[in-house]
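As a plain string of letters, each chain reads:
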Amino acid sequence: MPDLAVPVVVASLERMHGGERWHWTPESDPFEVALGAILVQHTSWTNAERAIDRLREAGLLDPRRLSELPGEAVEELIRPSGQYRTKARKLRAFLDLIARHGALDALLALPPEELRGQLLATWGIGPETADAIVLYAAGYPAVVVDAYTRRLFSRLAMGPSRDVPYPAWQSWLADALPVAAPDLARFHALVVLHGKRLCLARRPRCGQCELASRCAFAATPPLPP
Ligand code: SF4
């Protein structure tokens, strides 16, 4: 199996998915992005989006208005995202963080390391969620490592072993990405699109993937029935 480099994988993902739309773009509303990054924890984007749509229809995609809503009402609105009681508490903690800075803009204007640190110190926000907010809501460079990232590169026999902690994956990827100012938002979007369209958790569609001839997973014969 020939060695692969991350920039080669990126170029291939670009050819396969470059024309497809991803729900977070540099034009996305930062508050909606941050809510989505919390609501998508442990569920699919489809479920998180249903919860966001309900908040939008209720006119609550606004930190001040959402923070004025009783907890039970927030829980009910975000129910489609699953774990809705826990996620309502996480949203409350994030809204409290915004309130301490006066406004979301002020929070997102912190230097990137300080912003990341404050997010990580907030209940319910782990490194993946924090980095998604830093990258997509604040617009700072950040390498986001999620389940799609681990699955893709593990199947390609690249990167640390699949279950090692987040920082090891992030550090490997940061070193392996193209040196010349990579568009990290686009990179992450391409990895997710690939994971949702072709590199599925079960029954990946390797026949449609141009990485198949260089993929350790695709080269492994299926187990006998
Ligand atoms: S060949 Fe299959 S397993 Fe490998 S990256 Fe493509 S879709 Fe994923």
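Residues numbered from 1 in each chain as written. Predicted model: local features only at pLDDT ≥ 70, side-chain atom pairs only at ≥ 80, totals over all residues. Heavy atoms only, no water.

Of note in the backbone geometry, His42 takes a positive phi value of approximately 60° without being a glycine. Relative to the elements of secondary structure, His42 occurs in the loop between α2 (30-39) and α3 (45-57). Of note, Gln83 is a non-glycine position whose phi angle comes to about 45°, a positive value. Its location among the elements puts Gln83 in the loop between α5 (71-77) and α6 (84-101). Judged by its relative accessible area of 45%, Gln83 is partly exposed. (Helix = DSSP H or I, 4+ residues; strand = E, 2+ residues; numbered from the N terminus. Buried < 20%, exposed > 50% of the residue type's maximum accessible area, 1.4 Å probe, protein only.)

We now examine the nonpolar core. In globular proteins that are soluble, nonpolar side chains generally tend to be buried together. Val9, Ile78, Phe94, Leu119, Phe153 and Leu156 are the most contacted members of the largest nonpolar core, which totals 72 residues. Counting residues per element, this core draws most heavily on helix α12 (residues 184-197), which supplies 8 residues. Per-domain counts for this core show at least three residues from each of domain 1 (6-21 + 145-218) and domain 2 (30-137). (Core = buried A, V, L, I, M, F, W, Y, C linked by side-chain atoms within 4.5 Å. Domains from an automatic or database assignment.)

As assigned here, the protein comprises domain 1 (6-21 + 145-218) and domain 2 (30-137). Of note, the centres of domain 1 and domain 2, computed from C-alpha atoms alone, are 26 Å apart. Counting from both sides, the interface comprises 9 residues of domain 1 and, opposite them, 7 residues of domain 2. With both chains or domains summed, domain 1 and domain 2 bury close to 580 Å², and 55% of this area falls on carbon and sulfur atoms. Three residues, Tyr166, Ala185 and His188, lead the burial of domain 1 against domain 2; their summed loss comes to 55% of the area buried on that side. Run the count over domain 1 and domain 2 and you get 0 salt bridges. Seen at the junction of domain 1 and domain 2, the total is 4 residue pairs in polar contact (both at pLDDT 80 or more). Of the residues contributing to the side of domain 1 that touches domain 2, the split by class is 5 nonpolar, 2 polar and 2 charged. (Contact = heavy atoms within 4.5 Å. Buried area = accessible area lost by both parts, 1.4 Å probe. Salt bridge = Lys/Arg side-chain N within 4 Å of Asp/Glu carboxyl O. Polar contact = N/O pair within 3.5 Å; in protein donor to acceptor, adjacent residues only side chain to side chain. Nonpolar A, V, L, I, M, F, W, Y, C, P; charged D, E, K, R; others polar.)

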